[in-house]
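# Structural overview
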Amino acid sequence: MKQQLKIQIDNNEEFQEIIKELITNETVQQMKNYRQHYETTCFEHCYIAAYYCYIICKKYNLDYRSATRAAMLHDLFLYDWRIKNSRKGFHAFTHGKLACKNASELFDLNEKEKDIITKHMWPVTISFPKSIEGFILTFVDKYCAMSESLEVMKSRLFMKKAFRYVYLCLSLFIIKV
Ligand SMILES: [Fe+2]
Ligand SMILES: [Fe+2]
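Residues numbered from 1 in each chain as written. Chains lettered and ligands numbered in written order. Predicted model: local features only at pLDDT ≥ 70, side-chain atom pairs only at ≥ 80, totals over all residues.

### Digging into the packing of helix α5 (residues 64–73) against helix α7 (residues 111–118)
Counted only if it meets this: Whenever a helix is involved, its axis is fitted only over the stretch in contact; in every case the axis is a line through C-alpha atoms, and angles between N-to-C directions fall within 0 to 180 degrees. Under the DSSP-based scheme used, a helix requires at least four consecutive residues in state H or I and a strand at least two consecutive residues in state E, with every element numbered from the N terminus. An angle below 35 degrees is treated as roughly parallel, one above 145 as roughly antiparallel, one from 65 to 115 as roughly perpendicular, and anything else as oblique. Handedness of a helix crossing follows the sense of rotation of the near helix relative to the far helix, less than a right angle counterclockwise being left-handed and clockwise being right-handed. Placing a C-beta atom from the backbone of each residue, one calls two residues in contact when those atoms lie within 7 Å.
The geometry of α5 relative to α7 is characterised by a closest axis approach of 9 Å and an angle of 40° between their N-to-C directions. As the angle between them shows, α5 and α7 are arranged oblique. In the crossing of α5 with α7, the sense of the turn from one axis to the other is right-handed. Residues Ser66, Ala67, Arg69, Ala70 and Leu73 of α5 touch α7, and the partners they reach there are Lys112, Glu113, Ile116 and Ile117.

### Comments concerning helix α2 (residues 13–23)
Since the α-helix turns once every 3.6 residues, residues separated by three or four places project in the same direction. Applicable threshold: We call a residue exposed when 12 or fewer other C-beta atoms sit within 10 Å of its C-beta, buried when the count reaches 20 or more, and partly exposed for counts in between; the C-beta positions come from the backbone. The directions considered for the arc run from the helix axis to the C-beta atoms.
Looking only at α2, the buried set comprises Phe15, Ile18, Ile19 and Leu22. All buried residues of α2 lie within an arc of 75° about the axis, which places them on one face of the element. In α2, the exposed residues that point more than 90 degrees away from the buried face are Glu13, Glu17 and Lys20.

### Points about the packing of helix α4 (residues 42–59) against α5
Applied cut-off: Amino acids outside the nonpolar list (Ala, Val, Leu, Ile, Met, Phe, Trp, Tyr, Cys, Pro) and the charged list (Asp, Glu, Lys, Arg) are all regarded as polar, and Gly is one of them.
Axis separation between α4 and α5 bottoms out at 7 Å; the angle between their running directions is 165°. Relative to α5, the element α4 lies roughly antiparallel. In this structure, the crossing between α4 and α5 has a hand that is right-handed. Across the interface between the two elements, Cys46, Tyr47, Ala49, Ala50, Cys53, Tyr54, Cys57 and Lys58 from α4 touch Tyr64, Ala67, Thr68, Ala71, Met72 and Leu73 from α5. Of the residues assigned to the contact of α4 with α5, the class counts are 12 nonpolar, 1 polar and 1 charged.

### Considering the nonpolar core
In plain terms, the rule: A set of buried residues qualifies as a nonpolar core if it consists of Ala, Val, Leu, Ile, Met, Phe, Trp, Tyr and Cys joined through C-beta atoms within 7 Å.
Cys46, Ala49, Ala50, Cys53, Ala67 and Ala71 are the most contacted members of the largest nonpolar core, which totals 36 residues. Among the secondary structure elements, those contributing two or more residues to this core are α2, α4, α5, α6 (91–106), α7 and α8 (132–176). With 12 residues, α4 is the largest single contributor of residues to this core. Setting aside anything within four residues of it in sequence, one finds Cys46 in contact with Met31, Ala71, Met72, Leu73, His74 and Asp75.

Shown next as structure tokens:
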């Protein structure tokens, strides 16, 4: 996560107040042990998605509390989705329901929050979210996934270029010697 964004999120008092009950929970804290996209943990991914949902929904006078809470819990599963033996079914189709079940066992969620979590993988999963807040999370989630992946790809490309440059300099140095 970019440092500037982290500071902005950490210092937003209302946002922190909304998610406090959720992020202080031990199971939610364990999301820090599982990677979601490349270097980003499940916790960090949900934390950023929750913040974007909060900003967008608040701006458009929507139910930003439910949207923020649901976004913070939308990927609440404690397994590495890259390892097939650690779960049943195809992750992309099943984890919305599983996250909703896990979250409902820990917190008192309203019907809108449950629906937002369960259907956040739309359109991969066919059923539409019932609320506009649910649709907002589907887009925010995809945006976050893309930027988390792009960030790593850019740094890998930079490293490749840097290595090529060092290799070229060394070759020129050896030729001269
Ligand atoms: Fe997800
Ligand atoms: Fe997600």
